[in-house]
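Spelled out from the first residue to the last, the chains are:
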Amino acid sequence: MTHPDLPIILLAAGSSTRLRGADKLMEEIDGHPLLRRQAIILRAATSGPIIAALPALPHPRYSTLQDIEVLCLPVPDAAEGMGASIRTSIKALPPGTTKAMICLADLPDLTTEDLITVAQASKDKTHTIWRGATSAGKPGHPIVFDQCHFAALATLTGDQGAKDLIKTAKTAQIPLPSPRALT
């Protein structure tokens, strides 16, 4: 990996209400709760910090990450939406961070190789955002943001994430094997 110390933010503070009351991030995938599986994949992609944005304590998601080198970051206002998770996580990045990857916790098809592919693409200096996409070009995750966007990310609100920022920035779409960037 060309950015072995690239920080990765794992967005996992949502309420997962679309799964009829069950916590989708605690559902078993490949013998592990989905959240744990995602953290393992991220840890294999970077030696840098992994920040897991989680609901406020107490919450069962913390226990599934307890033995993985991950900073479990409570998001007290997680009910506000993805903006709160991104805002809180960006502020927790180590000083001097020049780029950070944001990854959704509910994409079980993403692989370590996919993360590395998008991270390697971020060496391109003509863009400031590098976004995983399907092989057909539909935008998805993960997304690497240059530090020039950290101030805007640190002020996000609501549940739209960084969509508006991505629309106006120099964004490169990085094709991944379909449809892993979205499923």
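Look above for the structure.
Here is a short report on the structure shown in this document. Being a predicted model, the structure only gives us computed values, none of them experimental.

What follows deals with unusual backbone geometry. Residues Leu57 and Pro58 are joined by a peptide bond in cis, for which omega reads -10°. Tracing the backbone through its elements, the reader meets Pro58 in the loop between strand 4 (50-55) and helix 2 (61-64). In this model, Ser178 is joined to Pro179 through a cis peptide bond whose omega is -10°. Among the structural elements, Pro179 can be located in the segment after strand 9 (171-175). If you check the backbone angles, Asp30 has positive phi at about 55° while not being a glycine. Tracing the chain through its elements places Asp30 in the loop between strand 2 (28-29) and strand 3 (32-33).

Most often, soluble globular proteins keep nonpolar side chains buried together rather than apart. In terms of nonpolar packing, the biggest core is built from 59 residues, with Leu35, Ile90, Met101, Phe145 and Leu153 touching the most fellow members. Sorting elements by how many residues they give to this core places helix 1 (residues 34-45) first, with six residues. The contacts of Leu35, once residues within four sequence positions are left out, are Leu10, Ala12, Leu25, Leu54, Arg61, Thr64, Leu65 and Ala105.

Cut-offs and rules
- Residue numbering note: each chain is counted from 1, following its sequence as written.
- Note on the predicted model: pLDDT of at least 70 is required for a residue's local features to be given, and 80 or more for side-chain atom pairs to be given and counted; whole-chain, interface and lining totals, by contrast, use all residues.
- Excluded from the side-chain calculations are hydrogens and water; all other atoms, namely the structure's heavy atoms, are used.
- For helices the rule is a DSSP run of H or I covering at least 4 residues; for strands it is a run of E covering at least 2, with both sets numbered from the N terminus onward.
- Joining through side-chain atoms within 4.5 Å is the link that ties buried Ala, Val, Leu, Ile, Met, Phe, Trp, Tyr and Cys residues into a set, and such a set is a nonpolar core.
- Working definition: with a 1.4 Å probe on protein chains only, accessible area under 20% of the residue-type maximum means buried, over 50% means exposed, and in between means partly exposed.
- Note on contacts: a residue pair is in contact if any heavy atoms of the two residues lie within 4.5 Å.

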